[in-house]
Amino acid sequence: MSNQDHDCNLLNGTPDPTWDYYLIWHQLQYCKSRIEKALQTISKNEYSAIETDREMRRLLIDPCQELNNIVDAFPCCDDEIA
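Here the structure is a predicted model, which is why all the values come from computation and not from measurement. (Residues numbered from 1 in each chain as written. Predicted model: local features only at pLDDT ≥ 70, side-chain atom pairs only at ≥ 80, totals over all residues. Heavy atoms only, no water.)

### A look at the overall build of the chain
Next up, step 1: Check the secondary structure of the chain and you find 3 helices and 2 strands.
Next up, step 2: Along the chain, from the amino end to the carboxyl end, the secondary structure elements read α-β-β-α-α.
Next up, step 3: Across the 82 residues of the chain, 13% fall into the buried class.
Next up, step 4: Considering only intrachain contacts with a sequence separation of at least 6, the fraction spanning at least 24 residues in the chain is 43%.
Next up, step 5: Total accessible area on the chain stands at roughly 6,800 Å², and carbon and sulfur atoms take up 53% of it. (Helix = DSSP H or I, 4+ residues; strand = E, 2+ residues; numbered from the N terminus. Buried < 20%, exposed > 50% of the residue type's maximum accessible area, 1.4 Å probe, protein only. Contact = heavy atoms within 4.5 Å. Areas by Shrake-Rupley, 256 points an atom, 1.4 Å probe, with all protein chains shown as cover.)

Here it is, written out as structure tokens:
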């Protein structure tokens, strides 16, 4: 898919609700935002600290589970993943 095709699928930065991947797109955006927040958190800290570790775990546990759910929802690919 070219960038131009991609841009045609987006309306004001979000996909058309009739798009087949509409819900997955939103789920991935959620995961992306949590990962970006985690990156911002560790970028502010030069040294590791238990408080930062706890915050990272809090930020990343939900998107990790969500990503697993998204991957598991694709029925065609179970035998292709080695």
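### Topic: the side chain of Arg34
Next up, step 1: As for its placement among the helices and strands, Arg34 is situated in helix H2 (residues 22-43).
Next up, step 2: Asp62 provides the closest opposite charge to the buried, unpaired Arg34, separated from it by 4.3 Å.
Next up, step 3: At 3.4 Å, the side chain of Arg34 and the backbone oxygen of Leu59 are in polar contact.
Next up, step 4: Those residues in contact with Arg34, other than ones at most four positions away along the chain, are Arg58, Leu59, Leu60, Asp62 and Pro63. (Lys, Arg positive; Asp, Glu negative; His and termini not counted. Salt bridge = Lys/Arg side-chain N within 4 Å of Asp/Glu carboxyl O. Polar contact = N/O pair within 3.5 Å; in protein donor to acceptor, adjacent residues only side chain to side chain.)

### Digging into the packing of H2 against helix H3 (residues 50-72)
Relative orientation and spacing of two packed helices are given, respectively, by the angle between their axes and the distance between those axes.
Next up, step 1: Following both chains from N to C, one finds H2 and H3 inclined at 160 degrees, their axes separated by 9 Å at the closest point. Between H2 and H3, the angle falls in the class roughly antiparallel. The handedness of the crossing between H2 and H3 is left-handed. Residue-level inspection shows Ile24, Gln27, Leu28, Tyr30, Cys31, Arg34, Ile35, Lys37, Ala38, Thr41 and Ile42 of H2 in contact with H3, the latter providing Thr52, Glu55, Met56, Arg58, Leu59, Leu60, Asp62, Pro63, Glu66, Leu67 and Ile70.
Next up, step 2: Grouping the constituent residues of the contact of H2 with H3 by class yields 13 nonpolar, 3 polar and 6 charged. (Axes fitted to C-alpha atoms, helices over the stretch in contact; angles between N-to-C directions. Parallel < 35°, antiparallel > 145°, perpendicular 65-115°, else oblique. Left-handed = near helix turned anticlockwise from the far one by under 90°. Nonpolar A, V, L, I, M, F, W, Y, C, P; charged D, E, K, R; others polar.)

### So, the environment of Ile42
Next up, step 1: Mapping Ile42 onto the fold places it in helix H2.
Next up, step 2: On a C-alpha basis, the gap between Ile42 and Asp53 in space is 9.0 Å, while along the polypeptide they are 11 residues apart.
Next up, step 3: Excluding anything up to four places from it in sequence, Ile42 contacts Thr52 and Met56.

### Observations concerning H3
Next up, step 1: Helix length check: H3, at 23 residues, gives a terminal C-alpha distance of 32 Å against a target of 33 Å (1.5 Å per residue), a fit within 8%.
Next up, step 2: Of all the bends in H3, the greatest reaches close to 30 degrees and is centred on Leu60; the proline Pro63 follows between one and four positions later.
Next up, step 3: Buried within H3 we find Thr52, Met56, Leu59, Pro63 and Ile70.
Next up, step 4: As for H3, its buried residues are in contact with H2. (Expected span 1.5 Å × (residues − 1). Bend = angle between axes of the 7 residues up to and from the residue.)

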